[in-house]
Each structure stands twice: as C-alpha cells, then as structure tokens.
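# Summary of structural features
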Amino acid sequence: MTKHDQLHRFLFESHSVRGELVSVSETYQRMLENHSFPQPVQQLLGELLVATSLLTATLKFNGDITVQIQGDGPVKMAVINGNNQHQMRGTARIDGEVNAASSLRDMIGNGYMVITVTPTEGERYQGVVALEGETLAECLDVYFKQSEQLSTRLFIRTGELDGKMAAGGMLLQILPGAQKGSEGMLDHLSQLTATIKGEELFTLEAAEILYRLYHEEEVTLFDPQQIAFRCGCSRQRCADSLVTLPDADLQDILHQDGNIDMACEFCGTHYMFDEKDIGEIKAVKEEP
C-alpha cells in the first residue's frame, strides 16, 4: 500500500540536529504523465523534486522556490518550481541524445544550479553553484556550505514501485547556534540515514522509518504537510501572453496553422485559440 505524498519534520532532542523526510511519488507521477522524457531525465526530475520539496521546509517564507539546472549538454534545463504550500511542478528541455546510461555530467555537461526564492513580500534571493559533484545531492551539499553556511546532508532515492515511478528523500541539518560536537553527531546520524532504501521511503510510515534508523535516539516527529502536483497554468494566462505579441506575428501563425496552439511545458495541457478567440482577447484588452 503506497502512501500519500507528505513532508515530515523531526528533531533529535539530545542533539542540535533537525531533519525532514519526504515522499513525493504521486506528485512525481503526475509531473511525468504528459511527457516522454528518457529514463535518466525522469530520474533527474525525481531527484530535483525531492530536493526542492526538502528545501521548501528549510525556508520560512510565503512565496515560491525554483531549483533549476542548466548546462551545455543535451539536457539544456531541468527545473522544479514549488511554493510554501508544497505545490510542485517541473519540466526539462532536451536538445540532443540522452542514452540509458547517461550520468548527471553526461546530461548537463558544464553547468550550474540556480536556487531562486521569491517571497510574496520582500526581496528575491538567488544562489548559484557550479555542478561539481557527481550527484545532485553532492551539488546541493556544496550549495548549503556556500550559501546557507549550515552543515546539511541530503539523501535522495528514486526508483519504481508497482511499475510506477517513485521518489523520496531525507535531510539532516545542524541547527543555528548548535552546541559543540554537533558536526560529529551529524556525521554519525548521516551514516545511519545513508542506509535507507528507496522501497522503505516509498512505502513505510514516517514513524517506522525513524525508528528503524534511529531507535537509540530520542526523536520528535511533527505533524505532516501534504505535497501535491499543481501547475497553475490557465487559458487566461495564455491569453494574457498572446496579447503582448505583435499583431503581425499572430496573423502569420493563424494564416499558416489556422489556430494558435499553446502548450504548457509543465503539465502538457494544450490551449487552442482561433481567429475569433484572438479578436475577443484584443477587444477585452482595448476596453477602457
């Protein structure tokens, strides 16, 4: 029996270390269902989804967070966007061949990761790190060291469950103002956490996972938060973007194709506009 997608926070009572545990398999499946990405790209998006879900819980803000990878390899971009309500979406842009054995480096080439936090109120924050690690988790460790200055460990698992894609992960982080010796304790807890198997993250309840990993520790588990796929695209948003285009460009597309087909790159939904639709959109725009 699979679980609903949830994010759990937990705290080690005797140590200055906090944690998060996330399962995102349903969200992952929804994100992929209207795309035909190669398997390594699907895996990369699953890892990014887990990482972004964990990152949303490390930030106390109302707004959006975007984790984006760009490079000069065949995968030009892979991106996950989420918000403080844990509503997630993601996609990738591919220009070239991605074979079944492609690594992160093979797919992205020389690249970098950009993490952008856009609060509803206040200034936008952006952190950029080069993709120097062999895995996404290693690259994120570098990000935390450079940008957050908090010792952090991420554990990301992707795979299949009952023939469907599945993903989950965990995060450990030293608390600000931690007591002496916390780095050593983080290393110890990280060794325990590294033993977690994908199937355990995909299927077991959070309390059972924490007991299996840390049964000798006193761990407080907090109430979960729900995670879900949500795109946010709409016909109106497409219409709003169409009216910004020059009339000549719109007429050229209508003349060639008979209509304008706008497809959302996140969820794959198609929004069709014919000449009558364009006329009505323009008329609304021109109203005083």
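Calculation rules
Residues numbered from 1 in each chain as written. Predicted model: local features only at pLDDT ≥ 70, side-chain atom pairs only at ≥ 80, totals over all residues. Heavy atoms only, no water. Domains from an automatic or database assignment. Contact = heavy atoms within 4.5 Å. Buried area = accessible area lost by both parts, 1.4 Å probe. Salt bridge = Lys/Arg side-chain N within 4 Å of Asp/Glu carboxyl O. Helix = DSSP H or I, 4+ residues; strand = E, 2+ residues; numbered from the N terminus. Nonpolar A, V, L, I, M, F, W, Y, C, P; charged D, E, K, R; others polar. Pairing = 2+ DSSP bridges. Expected span 1.5 Å × (residues − 1). Buried < 20%, exposed > 50% of the residue type's maximum accessible area, 1.4 Å probe, protein only.

### What about the domain arrangement of the protein?
Taken domain by domain, the protein consists of domain 1 (6-229) and domain 2 (235-286). Of note, the centres of domain 1 and domain 2, computed from C-alpha atoms alone, are 36 Å apart. Contacts between the two partners involve 9 residues from domain 1 and, on the opposite side, 4 residues from domain 2. Here domain 1 packs against domain 2, burying approximately 620 Å² in sum over the two surfaces, 52% of which is carbon and sulfur. Put simply, Arg 93 and Glu 265 hold a salt bridge, and the shortest N to O gap is 3.0 Å. With 4 residues, the top contributor of residues to the side of domain 1 that touches domain 2 is strand E5 (residues 87-94). Within the side of domain 1 that touches domain 2, the residues separate by chemical class into 3 nonpolar, 4 polar and 2 charged.

### Some words on the pairing of strand E7 (residues 125-130)
Of the strand pairs in this sheet, strand E6 (residues 111-119) and E7 are connected by 6 bridges, and their pairing is antiparallel. Along E7, the bridge assignment pairs Tyr 112 with Ala 130. The turn linking E6 back onto E7 is made up of 5 residues, and Gly 122 within it adopts a positive phi angle of 105°.

### Quick notes on helix H2 (residues 39-58)
For H2, spanning 20 residues, the distance from its first C-alpha to its last is 29 Å, which sits close to the expected 28 Å at 1.5 Å a residue. Taking burial as the measure, the 20 residues of H2 include 17 buried ones, the bulk of the element.

### Here's the deal with the environment of Gly 177
Following the sequence through the fold, Gly 177 ends up in the loop between strand E9 (164-174) and helix H5 (182-193). Looking at Gly 177, the relative accessible area reads 81%, which means it is exposed. With 91 residues separating them along the chain, Gly 177 and Gly 268 place their C-alpha atoms 45 Å apart.

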